[in-house]
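The chain contents come next:
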Amino acid sequence: MQDRSGFKALLVTEEMAGGQTEYHLAVVQRSIDELPPGEVLIRVNYSSLNYKDALSAHGNKGVSRNFPHTPGIDAAGVVIACDTAEFKAGDQVIVTGYDLGMNTSGGFGQYIRVPADWVLACPSTLSLRDAMITGTAGLTAALCVEKLLCNGLHKDAGPVLVTGASGGVGSYAVALLAKLGFRVTACTGKPEQETALKKLGASDVIARDSLTERSPKPLSREQWAGAVDVAGGEVLVNILKTLQYGGSVACCGLVASAQLPGTVFPFILRGVNLLGVDSVNLPLSVKADMWQKLASDWRLDSLQQLGREIGFEALIENLQLLYRGQGTGRIVLDLGR
C-alpha cells in the first residue's frame, strides 16, 4: 500500500507572470497532513475526468477559487479511517459532487479526506472501476432520464434527442435510453463518432450544427418526444421549439452557453417542460437510490465500452483535450498506475 505520509496527486498552482495569472499543472508528492479536515480518510483507487475538472485545472474561478488545488469531482476507493460509525476501514465507497475537487482536494490524489455525509457505500454489484466509468456523468445522465420518465416520457412517444452525445453525460444517456427501449437520436459535433454512438444504441446521429442556427420563428416542426441537453444556449432554445406537444427536455449543462435566448411560446402553446437536473448538491439518499439503480436494473451492458483507462502520466494531456472540447466518452483515472 502507498505510504500514507507521501502520496501522488495532481496539483494546480496559481502564479503571476507579466501581470497575468497563469496556472500550472504537475503531478507531485503530497502529505496526508495537507488534506482538509473531515471524518473519512479514503484511499482513492479510481477517479474519472469531467469537464468541470478541466475547468478547475485551468483556473476557472466559477469552479475552484483556492489554489494550490487538486481537482477530481469523482472518487472511488477504500476507507482507511472514519471518525463516525457510518463506515469502517476496508469499506468500498464512492464520493461524487458536493465540494469534492472544487475547493476541497479531489479524486486526482491517491488520498482524500471528506465529511461522512458526502460518502456512500459502493453497490456490491459494481467494482470501483465500474463506479468511475459511471461517475458523475453517468449519475447525471440517469437523473435526466429519471426526470423525463417522471414527466410522462414513454418509449412509444417518439424519438428522444441527446446533445453532446460524444461526451461523458451524452454517451451514457444514449446507452441508457437505448437500454430502456427508446429510439435515440444522438447529436454531436464529432462526425467521426457516429459508428461508436450507434454501437451504444443510437438509432440516428445528427450534426450539432443542425441545432445551433438561430431562427426568428418562435416554434418549429414538432420532432422530439423528449431530450437530454448538456449544451444550453441556442441549442436548448431550438430543442424547446421542436419538442412534441407536452414533451420535456432535461437540462444539465452549459457547454454551448449559459444563456437561454428564447421565448415563452413553446411553453404556452405546446405545454412543453424544461426540467433542471443537478447531480452535485442533491441529498445523499437520492444519490444512493440512483446508484443502486445504476448497479442493477439500469446497469449498462456496454459499460466497459464507454470507458478507457489512463494513469497519472496521461492525466494532464487528457485534461487539456477535455478543456478544448476534444474529449470523448468516459476517461477513468487509475491512481495505482
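Located above this text is the structure these notes cover.
Source: prediction; values computed, not measured.

Q: Go over the packing of helix H2 (residues 128-150) against helix H7 (residues 284-294) with me, naming the residues and quoting the values.
A: Each pair of packed helices can be summarised by the angle the axes make with each other and by the distance between the axes. Packing of H2 against H7 brings their axes to within 10 Å, and their N-to-C directions diverge by 105°. Between H2 and H7, the crossing angle belongs to the class labelled roughly perpendicular. Every residue of H7 that contacts H2 at Ala131, Thr134, Gly135, Gly138, Leu139, Ala142, Leu143 and Glu146 is listed here: Lys287, Met290, Trp291, Lys293 and Leu294. Its residues assigned to classes, the contact of H2 with H7 shows 7 nonpolar, 3 polar and 3 charged.

Q: An account of the packing of H2 against helix H3 (residues 168-179) is needed here, citing residue identities and associated values.
A: Axis separation between H2 and H3 bottoms out at 8 Å; the angle between their running directions is 50°. What the angle tells us is that H2 and H3 run oblique. Crossing of H2 over H3 shows right-handed handedness. On H3, the residues that touch Thr134, Ala137, Gly138, Thr140, Ala141, Ala142 and Val145 of H2 are Gly168, Val169, Tyr172, Ala173, Leu176 and Leu177. The residue inventory of the contact of H2 with H3, partitioned by class, reads 9 nonpolar, 4 polar and no charged.

Q: So what's going on with the sheet that holds strand E11 (residues 224-229)? Residues and values would help.
A: In spatial order, the strands read E10-E9-E8-E11-E12-E13; together these 6 strands make up an open sheet with parallel pairing. Both edges of this open sheet fall to strand E10 (204-207) and strand E13 (273-276), since each of them pairs with a single strand only. Going across the sheet, the axis of each strand differs from the next one's by a mean of 20°, ignoring polarity. Packing against the sheet, H3 makes contact with strand E8 (160-162), strand E9 (184-188) and E11, and its axis sits at approximately 160° to E8. Here helix H5 (residues 233-242) sits on the sheet in contact with E8, E11, strand E12 (243-251) and E13, set at roughly 150° to E12.

Rules of the game
- Residues numbered from 1 in each chain as written.
- Predicted model: local features only at pLDDT ≥ 70, side-chain atom pairs only at ≥ 80, totals over all residues.
- Heavy atoms only, no water.
- Axes fitted to C-alpha atoms, helices over the stretch in contact; angles between N-to-C directions.
- Helix = DSSP H or I, 4+ residues; strand = E, 2+ residues; numbered from the N terminus.
- Parallel < 35°, antiparallel > 145°, perpendicular 65-115°, else oblique.
- Contact = heavy atoms within 4.5 Å.
- Nonpolar A, V, L, I, M, F, W, Y, C, P; charged D, E, K, R; others polar.
- Left-handed = near helix turned anticlockwise from the far one by under 90°.
- Pairing = 2+ DSSP bridges.

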